[in-house]
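# Topology and contacts: notes
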Amino acid sequence: MTRTPTRILTLFACAVLLLAGCSGGGDGADDGRITLRFQSLAWQDESVKANRELVREWNAGHPDVRVEYVQGSWDSVHDQLLTSFEGGEAPDIIHDASDDLADFAYGGYLADLTGLLPARLKSDIPERSWETVTFGDGVYGVPFLQEPRVLIANATLLKESGVRIPTPEHPWTWPEFRQVTKELSGDGTYGVAWPLKEPVSATLNLSLSTGGQLFHRGADGKVTVRFETGDQVVPRTVHDQVDTDHSASPTTLGSGGSDTLPGFFAGKYAMVPLGFSYRQQIEQQAPEGFDWQVLPAPAGADGLAQGVSPQTLSIAEDSPHKKEAAAFVDFLLQPDNMVRLALGDWMLPTGVQALKDPALHTDEQGWATGTALAEHLRSAPAQSVRGYAEWKDKVATPALQEYYSGAIGMDELRHRLEEDGNLVLARYQR
């Protein structure tokens, strides 16, 4: 069919409009509004609700900058983000955890937020939290939620035993904790159940209290592993509770935290070390009349110090609307909003103002105990170590699992963490 000049011009104009509509990866709408994609990893009903409500509130007050909520998953976030970065399809605002950011930051996938964030947000979050998202000279995320590891205890068993109940002001020492678990054991009950399916972060983060550091950065910037006296207290305690005292259940060593809850409710374990957010599952699943309480983790030479990897919000380097994305992050993390997010996730906010909220200082459900621990939280030891993921998966996890099960001793554990571990890390530091 022969086309007239008018027909050709019309088709050309339509083609231009189609191309314009397809460009920008969804960054602009047909009406000229900017559209930002916010990928959230919230999964609990309360948390998803809080995030979606805040997105709706932003959109209602910012008609020219619309935020689209995108649901992600903690189970697959690293690989999913890597694929989206390499494909040029990354969300503008990215919810993740600080221990997952190093390779993305060094790889140039995340925007340096140093000049994008308002002074209010920078000053509200303590420097110890900013350290978790600082790589080299840049800041590649905003740490906004954190959780200490605590002891969730069967309050009835504790009262009946007559042991001293620890508080953040007067916690158990690690030797005292070991002794208490022996006193709580017997008649079919273990003093403690350690869910160590993923043993590395629990071991390393709790070891900060005993002076453990494990990763040492030299003047040349290179990191080496040294498994020293302070690093050995926590793993030795767990090993001795299982193998020597028989005060810790050997069957839970390969379990996740949720797997221990049925036995905890049945009185099989007097205490379970868990992340603070597990309180939500306990509150929802505990049988009627079950009395539980939150206790601080044991203290060592460095007191209640504990490593954490906060949840973070980052901005993709490829986002064409970084300023607008930073404004949304600032809105999301206003003190009142940060409290809403924390309550929805049963975690602690990093912001100083948010931490003052009365809802976080009630004794109910252990909030006050957790909030009292916030000042003791530090950057996890492996936070900025390149190659940590491979070291953890190929070296540390199997070595710790074998040590806790009694298959290898402390000397072999040290050898594998140091010798085998440093070979892995060296490949990332050439």
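This text gives an overview of the structure that appears in the document. (Residues numbered from 1 in each chain as written. Predicted model: local features only at pLDDT ≥ 70, side-chain atom pairs only at ≥ 80, totals over all residues. Heavy atoms only, no water.)

Within the structure shown, the criterion is met by 13 salt bridges. Here Asp240 and Arg178 are joined by a salt bridge, their closest N and O atoms 3.4 Å apart. Pair noted here: Asp240 is in helix H10 (residues 229-243) and Arg178 is in helix H8 (residues 174-183), with a separation of 62 residues, a long-range link. The salt bridge involving Asp411 is made with Arg414; its shortest N-O contact spans 3.1 Å. Of this pair, Asp411 and Arg414 both sit in helix H18 (residues 410-426), three residues apart, which is roughly one turn of that helix. Given a relative accessible area of 56%, Asp411 falls into the exposed group. Sharing partners across several salt bridges, the network here consists of Glu53, Glu57 and Arg340. (Salt bridge = Lys/Arg side-chain N within 4 Å of Asp/Glu carboxyl O. Helix = DSSP H or I, 4+ residues; strand = E, 2+ residues; numbered from the N terminus. Buried < 20%, exposed > 50% of the residue type's maximum accessible area, 1.4 Å probe, protein only.)

For the rest of this paragraph, the subject is the sheet that holds strand E7 (residues 149-154). The antiparallel open sheet is built from three strands, whose spatial order is E10-E7-E11. Only two strands of the sheet have a single neighbouring strand rather than two, namely strand E10 (271-275) and strand E11 (292-296). Strand-to-strand twist in this sheet, taken as the mean axis angle between neighbours without regard to direction, amounts to 35°. Pairing analysis gives five bridges linking E7 to E10, with the strands arranged antiparallel. What sits directly across from Ala153, in E10, is Met271. (Pairing = 2+ DSSP bridges. Axes fitted to C-alpha atoms, helices over the stretch in contact; angles between N-to-C directions.)

A word on the packing of helix H17 (residues 388-404) against H18. Contact pair H17 / H18: the axes reach a minimum separation of 10 Å and the direction vectors enclose 170°. The angle between H17 and H18 falls in the class roughly antiparallel. Counting all contacts with H17, which are made through Tyr388, Glu390, Trp391, Val395, Ala396, Pro398, Ala399, Leu400, Glu402 and Tyr403, the residues of H18 involved are Met410, Leu413, Arg416, Leu417, Asp420, Gly421, Val424 and Leu425. Residues of the contact of H17 with H18, tallied by class, amount to 13 nonpolar, one polar and four charged. (Parallel < 35°, antiparallel > 145°, perpendicular 65-115°, else oblique. Contact = heavy atoms within 4.5 Å. Nonpolar A, V, L, I, M, F, W, Y, C, P; charged D, E, K, R; others polar.)

Here we come to the layout of surface pockets. For the second largest pocket, the calculated volume is near 390 Å³. For the lining of the second largest pocket, the secondary-structure elements that each account for two or more residues are strand E4 (134-135), strand E8 (215-217) and strand E15 (377-379). The leading source of residues in the lining of the second largest pocket is E8, at three residues. (1 Å grid on protein atoms, 1.4 Å probe; cavity = no way out; pocket = protein on both sides within 12 Å on 5 of 7 lines; lining within 4 Å. Points joined across faces, edges and corners; volume = space filled by probe spheres on them.)

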